[in-house]
Amino acid sequence: MHELAHEFTDRKVSPWGGLKYFHKIYVTSGIRDYLSKLDIPHPGSNRGYQAIDIIEGFLASVILGARRLEHSSMIRMDNVVQEIFGWKKGMASASTFSRFFSKYTVERNDKIFPKLMKYILSLVPMKYITIDIDSTIITRYGHQEYACKGYNPNKNGRVSHHPIMAFCDELKMVVNAWMRSGDSNSAKDSIEFLKEVFTIIDRSNIGLIRGDSGFYSQHIMGYLEEKPNVVPYIFRAKMTTALASEIMEIKRFYHDESIMPNAAYAEIEYQAANWKQTRRMIIVRTPKKYQSNKPKELFEEYENLSKYDYTAYVTNSNLSMVEVHRRYNQRGDSENRIKELKYDFGMDGFALQEFGAMEAAFRFVMVAYNIMTLFKQAIMNSERNHRLPTIRFQCIAIGSYLTKRSRKLVMKLSAEGRRRHFLEHLFEKLEVIRPPYKFSNA
């Protein structure tokens, strides 16, 4: 039986030498300098950790897969990571993170994060962008503030939070994100949320806003229609009895199979009971899969309902019927962003007791996500949308240690062959690329 002998070494070896790449774009993008100008809470003692060091430690922990503040211990004793970021006091402990985040309130979050997100998005300037607004459910298992029972299809009866988020479709980045109480519905606080979005991206720079039926609201649509800066929108309509009756009156549909097989389209002017004016409604009809020997319905409208599925979209845009359908379907990518934030970045973790503290951690997760998007799109420049675990394996999980050369500290990275060539190429790009960045898919 073969048994491998082992020995111990005092050499400070790190498995995360590739954090140097994350740190490089974080610094050269100017995000670090901009962060230091914001109203972030600082320690009360000169002996305490620097606020910027605590934030960087949290961002690094998120990138490495942390979901709780205690997980930060994975790099707390890592000398290589400390040298990469230049932390004089080293990595903060979980209790230090907890005290730091406890200084955040909702009001303070609303002063810090819109400015920070506006700066990050300005690094990739675009004239017109598409905004997708969406919400999700985060189940909680403790006694966190404002965690309460509400709509929770996966864990019925469990307390939860119900955050609302806005994404930029072209840049694949988070524009804004709020944590909300578990009994919130999709449209609750949406106008206030959109007002904050418009401080990050001006209304005149938004080419389209999309949302599901949770945002099908007279108040939201009316706000977006306000002159002089009307914002184009597409929302999926709720299929009410009144709307279904209008649809059954349609006599002619236009057939087009460029998006879905056997799809047919119609357009009507529709006014719901609480609307002050009519709005343009696009109707999409698709055949149901049904048994051919099913008996016919007595009334024609019921026969149509048994044969077809109907979907309606309300819009104030001038797009064609088919293009409205196409553009709305593209918002499905926001669901992928939410899954990525949950599974890879721990968005549903960091369940701190105080609401303001938990929201601050939640919104810093969005900052980490956007920085990694800058790295993926501007530096890796890959046609494939690599998930964080893939990037962590390819670029971050690199064995490394510190040594001295001519009295200067040098980090040695363990890589050879094609991988060394790949990593050298990345660092060469990091050395020369500066904002404004250009994304290949934007």
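Structure: above.
A few points on the structure. Note that this is a predicted model, so its numbers are computed, not measured.

**Quick look at helix α7 (residues 190–200)**
The buried count for α7 comes to 8 of 11 residues, which makes it a mostly enclosed element. Of the residues making up α7, those classed as buried are Ser190, Ile191, Phe193, Leu194, Glu196, Val197, Phe198 and Ile200.

**A few points about the side chain of Lys376**
Within the secondary structure, Lys376 sits in helix α13 (residues 355–380). Using a relative accessible area of 12% as the deciding quantity, one classes Lys376 as buried. Only 3.1 Å separates the side chain of Lys376 from the backbone oxygen of His386, close enough to count as a polar contact. Dropping the residues within four chain positions of it, Lys376 is found in contact with Glu340, Asn381, Ser382, Asn385, His386 and Ile391.

**Some remarks on the pattern of salt bridges**
Scanning the model with the defined rule gives 22 salt bridges in all. A salt bridge links Glu431 to Lys24; its shortest N-O distance comes to 3.0 Å. Taken together, the residues span a long stretch of sequence, with Glu431 in helix α15 (residues 417–432) and Lys24 in helix α1 (residues 19–28) at a distance of 407 residues. Classification of Glu431 by relative accessible area gives partly exposed; the value is 36%. A salt bridge links Arg210 to Asp132; its shortest N-O distance comes to 2.6 Å. Taken together, the positions of Arg210 in strand β8 (residues 206–211) and Asp132 in strand β2 (residues 129–135) put the pair 78 residues apart, joining distant regions of the chain. Neither residue differs from the other here; Arg210 and Asp132 are each classed as buried. Within the structure, one salt-bridge network assembled from shared partners comprises Asp132, Asp169, Lys172, Arg210, Asp333, Arg337, Glu340 and Lys376.

**Re the sheet that holds strand β1 (residues 13–14)**
Strand order in the open sheet formed by 3 strands is β1-β14-β15, and the pairing between neighbours is antiparallel. Every other strand in the sheet has two partners, leaving β1 and β15 (408–413) as the edge strands with one partner each. Where strand β14 (residues 400–405) meets β15, 6 bridges bridge the pair, whose relative direction is antiparallel. Its bridge partner lying in β15, Lys404 is registered against Leu409.

What counts as what
- Residues numbered from 1 in each chain as written.
- Predicted model: local features only at pLDDT ≥ 70, side-chain atom pairs only at ≥ 80, totals over all residues.
- Heavy atoms only, no water.
- Buried < 20%, exposed > 50% of the residue type's maximum accessible area, 1.4 Å probe, protein only.
- Helix = DSSP H or I, 4+ residues; strand = E, 2+ residues; numbered from the N terminus.
- Polar contact = N/O pair within 3.5 Å; in protein donor to acceptor, adjacent residues only side chain to side chain.
- Contact = heavy atoms within 4.5 Å.
- Salt bridge = Lys/Arg side-chain N within 4 Å of Asp/Glu carboxyl O.
- Pairing = 2+ DSSP bridges.

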